[in-house]
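Per-entry structural report
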Amino acid sequence: MLAILLALAAALGYGSSDFAAGLASRSAGIIQVTLVASAVSLLPVAVALPFAAGHPPSAAALAWGAGAGVGGTAGGLALYLGFRQAAFSVAGPLSAVGAAGFSVLAGLLLGERPTALALTGIALALPAILGVSASAARAGRGDRGVRADDGPGGGEPEPRETAAPGAGAGAGGRPGTGVLAGLVAGACFASLFIGLDRAGSGSGLWPVAAAQVAEFAAVLVVAVVTGNVRRPAARAGRLAVITGVTGASGTLLYFFATHAGFLAVTAVLTSLYPAVTIVLARTLLGERLTGLRLAGLSLAAACVALIAVGGAG
């Protein structure tokens, strides 16, 4: 049960991070926002590290952590391509479902055997993620990657909450490329989940620290190459700070969750983060809840209940 609660808390952190990043990207390029968020995300990990440092980290644990951070950034870059080639609602949902699906497959291949009820909940989670993320695909990827709205000079992307379905950089592009990019992004985000799981808990939070440092380094390289090394405006900067704090909190909570239960369970529950983004958009922005969103949220609640009854292993 602890793993379930931690994974849901991680989803809350990631969903809040994406919501803040989506708002920030209205007035600043998302690479700029992500750079600030990545820098800020180092602080919560640095504060928590002395309290959960564990033994001196092994090279393997640090490598898994760094690989996880690079995987998260690579997933964002794949979404960058997907959003340029197809509608936002193509690559976004596929990346969320892919992250959950690839993580479940990895867990099963590694010998995890969730109960029948938990497996049923996992099966229900995939269409639930598809339903809730289809309407949240424009909300931003927060800490875990770079969005398509950044050209060489950044720019002002169109508000996600009001964009028409299929609008944006990908309209009129190549949907097949968008589908492929979404699947690649899902695999990369799954590598974030799997890498933190495989790093083990024996080194405390050092793998998370390695992941955050690697992510910041990767985003910094992208920012330098694209000419986006500059501070966002005041409001966007504040939202970027929120993005970093909540995103780092999500990563910390997921790390603890995955070492308290099955990867196949915790990664799926964490991948429900788009539901949090939708609820925040409805509560704070008055965004309308469509039938697809309500169905996705209902399925998400059902899958959480089944996994909770079945146990996290």
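Residues numbered from 1 in each chain as written. Predicted model: local features only at pLDDT ≥ 70, side-chain atom pairs only at ≥ 80, totals over all residues. Heavy atoms only, no water.

Counting its regular elements, the chain contains 11 helices and 0 strands. The order of α-helices and β-strands along the chain, N terminus first, is α-α-α-α-α-α-α-α-α-α-α. The buried share among the 313 residues of the chain stands at 55%. Across the chain, the fraction of contacts at a sequence separation of at least 24, relative to all contacts at a separation of at least 6, is 91%. (Helix = DSSP H or I, 4+ residues; strand = E, 2+ residues; numbered from the N terminus. Buried < 20%, exposed > 50% of the residue type's maximum accessible area, 1.4 Å probe, protein only. Contact = heavy atoms within 4.5 Å.)

Once that is clear, we can look at the packing of aromatic side chains. Within the structure shown, the criterion is met by 3 aromatic pairs. Ring geometry for Phe-193 against Tyr-254: centres 4.8 Å apart, planes inclined by 45°, an arrangement best described as tilted. A residue pair is termed long-range when its members are at least 10 positions apart, and Phe-193 in helix 6 (residues 175-198) and Tyr-254 in helix 8 (residues 234-258) qualify at 61 residues. Judged by relative accessible area, Phe-193 falls into the buried class, the value being 2%. Look at Phe-255 and Phe-256: their rings are 6.1 Å apart centre to centre, the planes differ by 65°, and that puts the pair in the edge-to-face class. (Phe/Tyr/Trp six-rings, centres within 6.5 Å; stacked < 30°, edge-to-face > 60°.)

This part covers the nonpolar core. The tendency in soluble globular proteins is for nonpolar side chains to be buried side by side. Ranked by size, the top nonpolar core spans 46 residues in total, and within it Leu-196, Leu-269 and Leu-272 carry the most contacts. The next biggest cluster of nonpolar side chains, apart from the first, holds 12 residues, and it includes Phe-19, Val-33, Ala-236 and Leu-239. (Core = buried A, V, L, I, M, F, W, Y, C linked by side-chain atoms within 4.5 Å.)

With that out of the way, let us pick up the packing of helix 7 (residues 206-226) against helix 8. Here helix 7 crosses helix 8 at 145°, and the two axes come no closer than 10 Å. The hand of the helix 7/helix 8 crossing is right-handed. In this structure, helix 7 uses Pro-207, Val-208 and Gln-212 to contact helix 8, whose residues at the interface are Thr-251, Leu-252 and Phe-255. The class makeup of the residues in the contact of helix 7 with helix 8 is 4 nonpolar, 2 polar and no charged. (Axes fitted to C-alpha atoms, helices over the stretch in contact; angles between N-to-C directions. Left-handed = near helix turned anticlockwise from the far one by under 90°. Nonpolar A, V, L, I, M, F, W, Y, C, P; charged D, E, K, R; others polar.)

Per-residue confidence for the chain averages 78 on the pLDDT scale, and 79% of its residues sit at or above 70. For residues 136-172, every residue scores under 50 in pLDDT, and the model assigns this stretch 123 contacts once sequence neighbours within four places are set aside. (pLDDT = per-residue confidence, 0-100.)

Taking burial as the measure, the 8 residues of helix 9 (residues 263-270) include 8 buried ones, the bulk of the element. Restricting attention to buried positions, one finds in helix 9 the residues Leu-263, Ala-264, Val-265, Thr-266, Ala-267, Val-268, Leu-269 and Thr-270.

Summarising the element assignment, Ala-61 is placed in helix 3 (residues 59-85). Along the primary structure Ala-61 and Gly-195 are separated by 134 residues, whereas in three dimensions their C-alpha atoms are 9.0 Å apart. Other than its neighbours up to four places away in sequence, Ala-61 contacts Ala-199, Ser-203 and Pro-207.

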